[in-house]
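Observations on the model geometry
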Amino acid sequence: MNKIANDLGTKSISQLILKQAIPASIGILVMSINMIVDTIFVGRWIGVLAIAAITVVLPIAFLISSIGMGVGIGGSSIISRALGANKENKAFEVFGNQISLTIVLSILFVLVGTFFSTPILQLFGANGDIITPATEYFDVIVWGVPFLAFAMMGNPVIRAVGKPNYAMLTMLFPAIANIFLDIVFIKFMDLGMFGAGLATSISYAVSGLFILWFFISKNTQLKIIPKYFKLNLSIVKDIVSLGGVTVVRQGTISILTIILNFSLFKYGGEISIAIYGIVNRVMLFALFPVLGVTQGFLPIAGYNYGANNTSRVKETIKISILYGTGIAVLIFIMIMLFPNELVGVFTKDEKLLSLTPNALIIAFLATPVITTQLIGSAYFQAAGKALPALLLTLLKQGFFLIPLVYILPKYYGVNGVWVSFPIADVLSTAITYTYLKREVKLNLN
């Protein structure tokens, strides 16, 4: 792993960010396209209720799989710092513990999802006519979630060992598989929501199996070694303290989803949930390069923090925010100029076409400022500072968006939901900037 150490510790920060961020961005882009195509296919071939059903179900699947994501991000932070400090054996032991945790926890949550599917779906907002297609979709994809959890665990570890191109492929292959299988199962075999769920579940398996192949192949020195599967309490505690940030964040997003879906249903019916489904897909797609910069930032900052090279950490923060903000401004301009065209990609329904562009514009109003919030919270996670990482990560969804989505619709109807997004973005960014500036002054000088 010496070559990895030399790269992350010596190459120019701009070059490293591009090397890490471009594959990460492509991977997120493909994953976003996958979700968008999924929405297009079910919207055009099944109906508006199918979009609403997927909007309800996917946050549940991602809540379960966030166990793997949390273990992956928490462990990869430790691995990056271990490599920076030339502690390679610790990297192997951490990875083995990550695998064991992911397998045990994901299976546990899948069992809960299987036996309590109906109350879980109702809790997340599967009301009215949405419950039937949502149940049909959920009952299939829940069995693919352990593969998704394993993939989400392995992906940040692959980036941590300096193989961002392979991390990209973990999202590229399942996306291609899902699009192909959607066409086969929904269009040609007419399997409806069951077909959409089957395609998604198989694509999760493709991703998880690719991760498995990578870590038993010759492409990495960090291997799957059974002797490291035995859980080490100290390592588990470190993984959970940092990875818990991701799990709590996803849990907060799930609570937000519950409140969002109930508010949308109460003030606008099933159609409003479908509108949010489209807005959410555009968010995932449009923001992929900003999220890619954030993912690229993590291993570089973590490695150099572990090596006690504070000047490179500061430079990584500065350049990442600069790149991400420039991209975010371009995204903002595109959304403001072409909202109708973007919505038209998803649906032919006249009501959706008339109502969604306004919601899209409002939700994206604060896009130019979001990079600072993302990089600020990511820095504390990369540095192994769990509490500030948790608090800053929860700012937008937990401290601001949840109460805003609950309160504002009482006064402004469904538009109160849409305006909650830019307000939460501005407030969370302002606080994160203040906190990050203080951290740099005190600990990175």
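Before any of the text, the structure's been laid out above.
The structure reproduced in this document is the subject of the present report.

Rules of the game
Residues numbered from 1 in each chain as written. Predicted model: local features only at pLDDT ≥ 70, side-chain atom pairs only at ≥ 80, totals over all residues. Heavy atoms only, no water. Core = buried A, V, L, I, M, F, W, Y, C linked by side-chain atoms within 4.5 Å. Buried < 20%, exposed > 50% of the residue type's maximum accessible area, 1.4 Å probe, protein only. Helix = DSSP H or I, 4+ residues; strand = E, 2+ residues; numbered from the N terminus. Contact = heavy atoms within 4.5 Å. 1 Å grid on protein atoms, 1.4 Å probe; cavity = no way out; pocket = protein on both sides within 12 Å on 5 of 7 lines; lining within 4 Å. Points joined across faces, edges and corners; volume = space filled by probe spheres on them. Expected span 1.5 Å × (residues − 1). Bend = angle between axes of the 7 residues up to and from the residue. Patch = residues over 30% accessible without salt bridge, like charges linked within 9 Å, V, L, I, M, F, W, Y side chains within 5 Å. Areas by Shrake-Rupley, 256 points an atom, 1.4 Å probe, with all protein chains shown as cover. Salt bridge = Lys/Arg side-chain N within 4 Å of Asp/Glu carboxyl O. Phe/Tyr/Trp six-rings, centres within 6.5 Å; stacked < 30°, edge-to-face > 60°.

Looking at the nonpolar core
By size, the foremost hydrophobic cluster in this structure holds 94 residues, and its most contacted members are Ile317, Phe364 and Tyr379. With 14 residues, the top contributor of residues to this core is helix H3 (residues 48-84). Among all residues touching Phe364, those that are not within four sequence positions of it are Val282, Met283, Ala286, Leu287, Ile331, Phe332, Ile335 and Met336. Membership of the second largest hydrophobic core comes to 37 residues, among which are Phe150, Ala151, Met153 and Ile239.

Concerning the environment of Lys266
Structurally, the position occupied by Lys266 is in helix H10 (residues 233-268). Sequence separation between Lys266 and Val414 is 148 residues, and the spatial gap between their C-alpha atoms is 8.8 Å.

Details of empty space enclosed by the protein
Here the structure, examined in full by the defined rule, presents two cavities of 30 Å³ or more. Considering the residues around the second largest cavity, the lining is formed by Ile73, Ser76, Ser77, Ser80, Pro156, Arg159, Ala160, Gln295, Leu298, Pro299 and Ala382. Elements with a minimum of two residues in the lining of the second largest cavity: H3, helix H7 (145-160) and helix H12 (288-306). Here the element with the most residues in the lining of the second largest cavity is H3; it accounts for four residues.

Description of H3
End to end, H3 covers 50 Å across 37 residues, agreeing with the expected 54 Å (1.5 Å per residue, within 8%). Ser65 marks the point of greatest bend in H3, at about 40°. Among the 37 residues of H3, 33 are classified as buried, and the element is accordingly described as predominantly covered. Directly beyond the C-terminal end of H3, a positive phi value near 60° is found at Asn86.

Side note on a nonpolar patch on the surface
Taken together, the side chains of Ile103, Ile107, Leu108, Phe109, Leu111, Val112, Phe115 and Phe116 present a nonpolar region at the surface, about 760 Å² in accessible area. Take Phe116: it is sitting in the loop between helix H4 (88-115) and helix H5 (117-123). Residue class for Phe116 comes out partly exposed when judged on its relative accessible area of 48%.

What to know about the packing of aromatic side chains
Taken as a whole, this structure holds 12 aromatic pairs when the rule is applied. Aromatic pair Phe210 and Trp213: ring centres 5.5 Å apart, planes at 35°, arrangement tilted. In this pair, Phe210 and Trp213 both sit in helix H9 (residues 192-216), three residues apart, roughly one turn of the helix. Ring geometry for Phe214 against Phe215: centres 5.0 Å apart, planes inclined by 85°, an arrangement best described as edge-to-face.

Some points on the side chain of Thr393
Looking at the element boundaries, Thr393 is found in helix H17 (residues 386-407). For Thr393, the contacting residues outside a window of four places in its chain are Val245, Arg249 and Ser377.

Thoughts on the environment of Tyr435
Its location among the elements puts Tyr435 in helix H19 (residues 415-443). Note on Tyr435: relative accessible area 36%, which makes it partly exposed. Sequence separation between Tyr435 and Pro388 is 47 residues, and the spatial gap between their C-alpha atoms is 9.0 Å. Setting aside chain neighbours within four positions, we find Tyr435 in contact with Phe380, Pro388 and Leu392.

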